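# Overview (structure and organization)
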Amino acid sequence: MALAVAISLLMTGAALAAEEHAAPRWGDFGWRVLNFVLFAGILWYFVGGLARKFFTGRREQIRQGLDDLENQRAEARKRLAEVEDRIAHLESERQAILDESVAQAERLKAGILEEAQRQADQILEQARRTAENEGRTILAEVRAAVADEIVDAARKTLVEKLDAQGHDALIAKSLNKVVLQ
């Protein structure tokens, strides 16, 4: 502001000198220059320290801001490197997950097949036992039926061929065998 005042004074003096068309008055100009230098010196004396502090502080703020931005930039580059690294390993992670899933599926398949085989063996064993039991039952029924028929046939034959005297001889012979044994 003081500089603007000084410049306007100089311009006013130059304009006045130009209007008069007279020879420049160097003495008057010298006093004005001396006045400006003194005014600027006083102004610098009182305001210079504050201006210096302001510009020094501003310079420090700018330097600090630049340092902060550089730190942020370095941090952003670090994060970018981490993200790129994770992206680069994403394919291997995907493949590892896929491999693990395939391995689990194979283990599950093997377990299911093993369980199915065990159940099939169990069903076959149960069917074999059931068949054996039914075979024994049928064989016993057939034997009982055949024995009944043999007894019936023998009874019929004995009744037809055996008379009272033969009947008594047969009973005596059977009793002798039972007693002798």
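Residues numbered from 1 in each chain as written. Predicted model: local features only at pLDDT ≥ 70, side-chain atom pairs only at ≥ 80, totals over all residues. Heavy atoms only, no water.

## A short note on helix α2 (residues 26–161)
If you check α2, its first and last C-alpha atoms are 186 Å apart, about what 136 residues at 1.5 Å a residue would give, namely 202 Å. A maximum bend of about 55° is found in α2 at V47. (Helix = DSSP H or I, 4+ residues; strand = E, 2+ residues; numbered from the N terminus. Expected span 1.5 Å × (residues − 1). Bend = angle between axes of the 7 residues up to and from the residue.)

## Focus on the UniProt feature "transmembrane region" (unreviewed entry) in the protein
Mapped onto this numbering, the UniProt entry gives "transmembrane region" (unreviewed entry) at residues 33–51. Taken end to end, residues 33–51 is 100% helix and 0% strand, and its two terminal C-alpha atoms sit 23 Å from one another. (UniProt positions renumbered as here; feature names shortened; annotations may be inferred.)

## Looking at the packing of aromatic side chains
Inspection of the entire model under this criterion finds two aromatic pairs. Aromatic pair Y45 and F46: ring centres 5.1 Å apart, planes at 80°, arrangement edge-to-face. The same class applies to Y45 and to F46, which are both exposed. Residues F54 and F55 carry aromatic rings whose centres are separated by 5.1 Å and whose planes lie at 70° to one another, so their mutual orientation is edge-to-face. (Phe/Tyr/Trp six-rings, centres within 6.5 Å; stacked < 30°, edge-to-face > 60°. Buried < 20%, exposed > 50% of the residue type's maximum accessible area, 1.4 Å probe, protein only.)

## A closer look at a nonpolar patch on the surface
Among the surface-exposed residues, F39, I42, L43, Y45, F46, V47 and L50 lie close enough to one another that they form a single nonpolar patch of about 760 Å² accessible area. Judged by relative accessible area, L50 falls into the exposed class, the value being 57%. (Patch = residues over 30% accessible without salt bridge, like charges linked within 9 Å, V, L, I, M, F, W, Y side chains within 5 Å. Areas by Shrake-Rupley, 256 points an atom, 1.4 Å probe, with all protein chains shown as cover. Salt bridge = Lys/Arg side-chain N within 4 Å of Asp/Glu carboxyl O.)

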